[in-house]
Amino acid sequence: MATATGKELRPDGKVRLPPGQHLTSGWPVLHYGSVPRLDLETWRFHAWGLVEEEKSFDWESFNALGQTQDVSDIHCVTTWSKYDNEWEGVPFQAVYDALGVKPEAKYVMVHCYGGYTTNVPLADLLQDGVLFAHSHNGEPLTPEHGWPLRLVVPHLYFWKSAKWVGGLQFLDRDRPGFWETYGYHLYGDPWKEQRYS
Ligand SMILES: Nc1nc2c(c(=O)[nH]1)N[C@H]1C(S)=C(S)[C@@H](COP(=O)(O)O)O[C@H]1N2
Ligand SMILES: [Mo]
């Protein structure tokens, strides 16, 4: 399918394919542990930490915060990249606007059903293209790709795009999440090859 060569430039002048990456046309499944069994009736999204008030959303109220679509590229630290993923879901900005996040909050720990965590600076989550996706290329996510909801942070390595996301903890300082504790880079910029620390 792909006529892409990996040498194309992006609108911002960066080479589209980050260093050390190769293009794949499939979509590998990668995660630690097993796929959690979830149910939309009992599914909740929680926000706590440096927020004015802890909040919890059910599936319907979370999705009512807003809907958007965005096309972006995936860059996995294990060196595969996948172009032109069409994601649909709730923009991070809409969740942020609903939360009353305190000014001291600078970092976010993303928490998932099944226990996975990953850390991202709040400023990065507020960038364009960051969303909580329920669909990929027009289809609901499959269980192994994060159904019902995954975070998508297109400008960082894909381990930051947490599957089965269930909540956000707002923090004043950076702390390592699951893979970051085992030596993955705290930030993970693919264009700087921030793979491991
Ligand atoms: N909850 C959860 N999210 C996760 C992971 C995980 O182990 N658990 N692995 C991460 C890693 S290392 C990668 S590369 C991507 C893989 O996503 P995919 O299986 O949809 O390709 O999910 C990320 N999100
Ligand atoms: Mo990964």
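In what follows, the structure referred to is the one given above.
Here the structure is a predicted model, which means the values were calculated and not measured.

(A) The pairing of strand E3 (residues 55-58), seen in detail. Pairing analysis gives four bridges linking strand E2 (residues 44-49) to E3, with the strands arranged antiparallel. What sits directly across from His46, in E3, is Ser56. Between the end of E2 and the start of E3, which pair antiparallel, lie five residues.

(B) Structural view of the sheet that holds strand E11 (residues 165-171). As summarised here, the arrangement of the five strands in space is E3-E2-E11-E6-E7, forming an open sheet in which the pairing is mixed. Every other strand in the sheet has two partners, leaving E3 and strand E7 (117-121) as the edge strands with one partner each. Pairs of neighbouring strands in the sheet enclose a mean axial angle of 15°, with direction left out of account. Alignment of strand E6 (residues 107-112) against E7, held across five bridges, turns out to be antiparallel. Within E7, the residue paired with Val108 across the bridge is Val120. Docked against the sheet, helix H2 (residues 92-99) engages E2, E3 and E11, running at close to 130° with respect to E3.

(C) Up close: H2. Residues of H2 that are buried: Phe92, Ala94, Val95 and Leu99. End-on, the buried residues of H2 take up no more than an arc of 165°, which puts them together on one face.

(D) Focus on the packing of aromatic side chains. Under the counting rule described, the total for this entry stands at 22 aromatic pairs. Plain terms: the ring middles of Phe45 and Phe132 are 5.3 Å apart, the flat faces sit at 80° to each other, and that makes the pair edge-to-face. You can see Phe45 sitting in strand E2 and its partner Phe132 sitting in strand E8 (residues 131-136), a full 87 residues away along the chain. Overall, Phe132 belongs to the buried group, its relative accessible area being 0%. Aromatic ring contacts, followed pair by pair, group Tyr32, Tyr116, Tyr157, Trp159, Phe178, Trp179, Tyr182, Tyr184 and Tyr196 into a single cluster. Here Arg10 stacks its cationic end above the ring of Trp191, 4.2 Å away from the centre of that ring.

Cut-offs used in this document
Chains are numbered independently. Their residues run from 1 in the order of the written sequence. Both sets of labels track the order of writing: A upward for chains, 1 upward for ligands. At least 70 in pLDDT is required for a residue's local features to be given in this predicted model, at least 80 for side-chain atom pairs to be given and counted, and no such filter applies to totals for whole chains, interfaces and linings, which use all residues. Hydrogens and water are ignored here; the side-chain numbers use all heavy atoms of the structure. By this definition, two strands are paired if DSSP reports at least two bridges between them. Helix and strand assignments follow DSSP, with helices taken as H or I runs no shorter than four residues and strands as E runs no shorter than two, numbered in order from the N terminus. To obtain each axis, a line is fitted to C-alpha atoms, and for helices this fit is confined to the stretch in contact; angles are then taken between N-to-C directions over 0 to 180 degrees. Residue contacts are defined here by distance: any two heavy atoms, one from each residue, within 4.5 Å place the two residues in contact. When accessible area is computed with a 1.4 Å probe and restricted to protein chains, residues below 20% of their type maximum are described as buried, those above 50% as exposed, and intermediate ones as partly exposed. This arc is taken over the directions from the axis of the helix to the C-beta atoms. Between rings of Phe, Tyr and Trp, where Trp is taken as its six-membered ring, a pair exists when centres lie within 6.5 Å; planes separated by under 30 degrees are stacked, by over 60 edge-to-face, and by other angles tilted. Two limits define a charge over a ring: the Lys NZ or Arg CZ must be within 6 Å of the ring centre, and within 35 degrees of the ring normal.

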